[in-house]
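# Structural characterization, general
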Amino acid sequence: MKMTSRERVLRGIEGKSVDRAPMEFGGFISGIVEGSKNTIAQGPPYGIRALYEYCGIEGYEEPVIAPSLSCVTNLDNRLYQRLNSDIVHAFGGGHPTEILPNGLLKDPWGIIMKPDGFYSSVPDPLTPLHDATSISDIKNYPDFPDPTDPIFLKGILEMAQNYHLNTDKAVQFFPGYPSLIFHTYAWLRGFDKWLTDMYTNKKFYTYLADKITELAIEISRNMLIECGRNIDIVLYGDDMGMQTQALMSADVYRKMVKPWSKKWCDEAKKRHLT
């Protein structure tokens, strides 16, 4: 029995039989990169423009690039169709990233990124809370976002509705930083400090994790209410491992990461199903 892409993906997630394996292209996890000026990703044979040309797709929208992973957030529907992707991707809104005079990037959370080849890295010494020593330093941090800022909702309903009504594909929604609790912790505090705070500075760690999670849940909740049932999948994207092993023991994960991730996921499921 031939299935629509949406049926194929949702049945596969439920562990039910499908007519073929679902396929995905694009998005935050598997998106093609499009480098900025003077990087090796710019121009043929690299980047989204070269792929559009190869697939014979013309008249596409100017690619919108997410700065951290250089993924394209507005892939043309014809490319999803050409590559047989069963999933299309909608993204949360946000303020643009600022280019600093020294060439570094600063995003609206105050996170500093360094353009580096295809991607942008977040050097630990440049993270804005790297030298923080007290909870007061967290309370006084000026760049936490306002969760009621309408910029987070800009364009997301239209994008999700377009995919839901005009394609038969499963719509995956990625809220951005609000679904990256511990990436955000590491990018604010430093990857090194994230992995040591949980052992040596637990009060600080708990307060900052609580703060990020509180903001993440409120922003994500507003986004999911806006998108309603136009989306099928909500992406939570924290990395907890590398190619060879996990970043921490299972016991540490259960104590120092899972409670915050679970709180976010429980809220996302609740809002997505209403």
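For every chain, the first residue of the written sequence is number 1, and numbering continues from 1 onward in sequence order. A pLDDT threshold of at least 70 governs which residues receive local features in this predicted model, and a stricter bar of 80 or more applies before side-chain atom pairs are shown or counted, although totals over entire chains, interfaces and linings include all residues. The side-chain figures draw on all heavy atoms in the structure; neither hydrogens nor water molecules are used.

Moving on, we get to the side chain of S220. Put simply, DSSP H or I for four residues or longer makes a helix, DSSP E for two residues or longer makes a strand, and each gets a number counted from the N terminus. Assignment of secondary structure puts S220 in helix α9 (residues 202-227). Apart from the residues within four sequence positions on either side, S220 is in contact with P175, P178 and W264. Only heavy atoms matter for contacts: two residues are in contact if any of them lie within 4.5 Å across the pair.

Time to look at the sheet that holds strand β2 (residues 98-99). Taken in spatial order, the four strands make up an open sheet running β2-β3-β4-β5, and their pairing is antiparallel. Each end of this open sheet is capped by a strand with a single partner; those strands are β2 and β5 (119-121). What makes two strands pair is DSSP finding at least two bridges between them. Relative to strand β4 (residues 112-116), strand β3 (residues 105-106) runs antiparallel, the two being bridged by two bridges. Residue pairing across strands places K106 opposite I112, the latter belonging to β4.

With that out of the way, let us pick up the confidence of the model for the protein. pLDDT is a residue-level measure of predictor confidence that goes from 0 to 100. Across the protein, the average pLDDT comes to 89, with 91% of residues at 70 or higher. Taken element by element, the protein is modelled with least confidence in helix α2 (residues 27-30), mean pLDDT 67, and with most confidence in helix α5 (residues 135-139), mean pLDDT 98. Low pLDDT, under 50, characterises residues 37-41; the stretch is placed with nine contacts to residues that sit more than four places away or in other chains.

Let us now look at the pairing of strand β6 (residues 170-174). Along any regular strand the residues' side chains alternate between the sheet's two faces. Each residue's exposure class comes from its accessible area (1.4 Å probe, protein chains only) as a fraction of the maximum for that residue type: buried when under 20%, exposed when over 50%, partly exposed otherwise. Within β6, five of the five residues are buried, leaving the element largely enclosed by the surrounding structure. Across two bridges, the pairing between β6 and strand β7 (residues 233-234) is parallel. Bridge pairing in β7 links Q172 to I233.

The subject of this paragraph is the pattern of salt bridges. Just to be clear on terms, a salt bridge is a Lys or Arg side-chain nitrogen sitting within 4 Å of an Asp or Glu carboxyl oxygen. Under the criterion given, the structure shown has 13 salt bridges. One salt bridge in this structure joins D19 and R8, with 2.7 Å as the shortest N-O distance. One end of the pair, D19, is in the loop between α1 (5-13) and α2; the other, R8, is in helix α1, and 11 residues separate them in sequence. Counted as one network, the salt bridges with shared partners bring together R8, D19, R20 and D86.

In this text, buried Ala, Val, Leu, Ile, Met, Phe, Trp, Tyr and Cys residues form a nonpolar core when linked through side-chain atoms within 4.5 Å. Formed by 64 residues in total, the largest nonpolar core has its most connected members in L79, F182, W194 and Y205. With 12 residues, the single largest contributor to this core is α9. Apart from the residues within four sequence positions on either side, Y205 is in contact with F182, Y185, W194, D197, M198, M256, V257 and W260.

One open sheet holds the three strands; their spatial order is β1-β6-β7, and the pairing between them is parallel. Single-partner strands in this sheet number two, and they are β1 (87-91) and β7. To get an axis, a line is fitted to the C-alpha atoms, and for a helix only the part in contact is used. The angle between two axes follows their N-to-C directions and goes from 0 to 180 degrees. Strands β1, β6 and β7 of the sheet are contacted by α1, whose axis makes an angle of about 65° with β6.

Here the focus is the pairing of β1. Of all five residues in β1, five are buried; the element is thus mostly enclosed. When β1 meets β6, the two strands line up parallel, connected through five bridges. By the bridge assignment, V88 is partnered in β6 with V171.

Before going further, it helps to examine the packing of helix α8 (residues 191-200) against α9. Relative to each other, α8 and α9 sit at 120°, their axes nearing to 6 Å. Comparing their axes, α9 and α8 come out oblique. Contact with α8, carried on its side by W194, D197, M198, Y199 and T200, involves K202, F204 and Y205 of α9 and no other residues of that element. Across the contact of α8 with α9, the residue classes break down as five nonpolar, one polar and two charged. Oblique is the label for any angle not under 35 degrees, not over 145, and not in the 65 to 115 range, which are roughly parallel, roughly antiparallel and roughly perpendicular in turn. Residues are grouped as follows: Ala, Val, Leu, Ile, Met, Phe, Trp, Tyr, Cys and Pro are nonpolar; Asp, Glu, Lys and Arg are charged; every other residue, Gly included, is polar.

This brings us to the packing of aromatic side chains. Between 30 and 60 degrees the pair is tilted, below 30 it is stacked and above 60 it is edge-to-face, where a pair is any two Phe, Tyr or Trp rings, Trp via its six-membered ring, whose centres lie within 6.5 Å. Under the definition given, this model contains 13 aromatic pairs. An angle of 75° between the planes, with centres 5.9 Å apart, marks the rings of W109 and Y177 as edge-to-face. Remark: Y177 occurs in the loop between β6 and α7 (181-189) and W109 occurs in the loop between β3 and β4; sequence separation between them is 68 residues. By relative accessible area, W109 is classed as buried at 4%. Look at Y177 and you get buried, because its relative accessible area is 16%. With a centroid separation of 4.9 Å and an interplanar angle of 75°, the aromatic rings of Y141 and F144 are classed as edge-to-face. An identical accessibility class is assigned to Y141 and F144; each is buried. Taken together, F182, Y185, F191, W194, Y205 and W260 form an aromatic cluster joined through their ring pairs.

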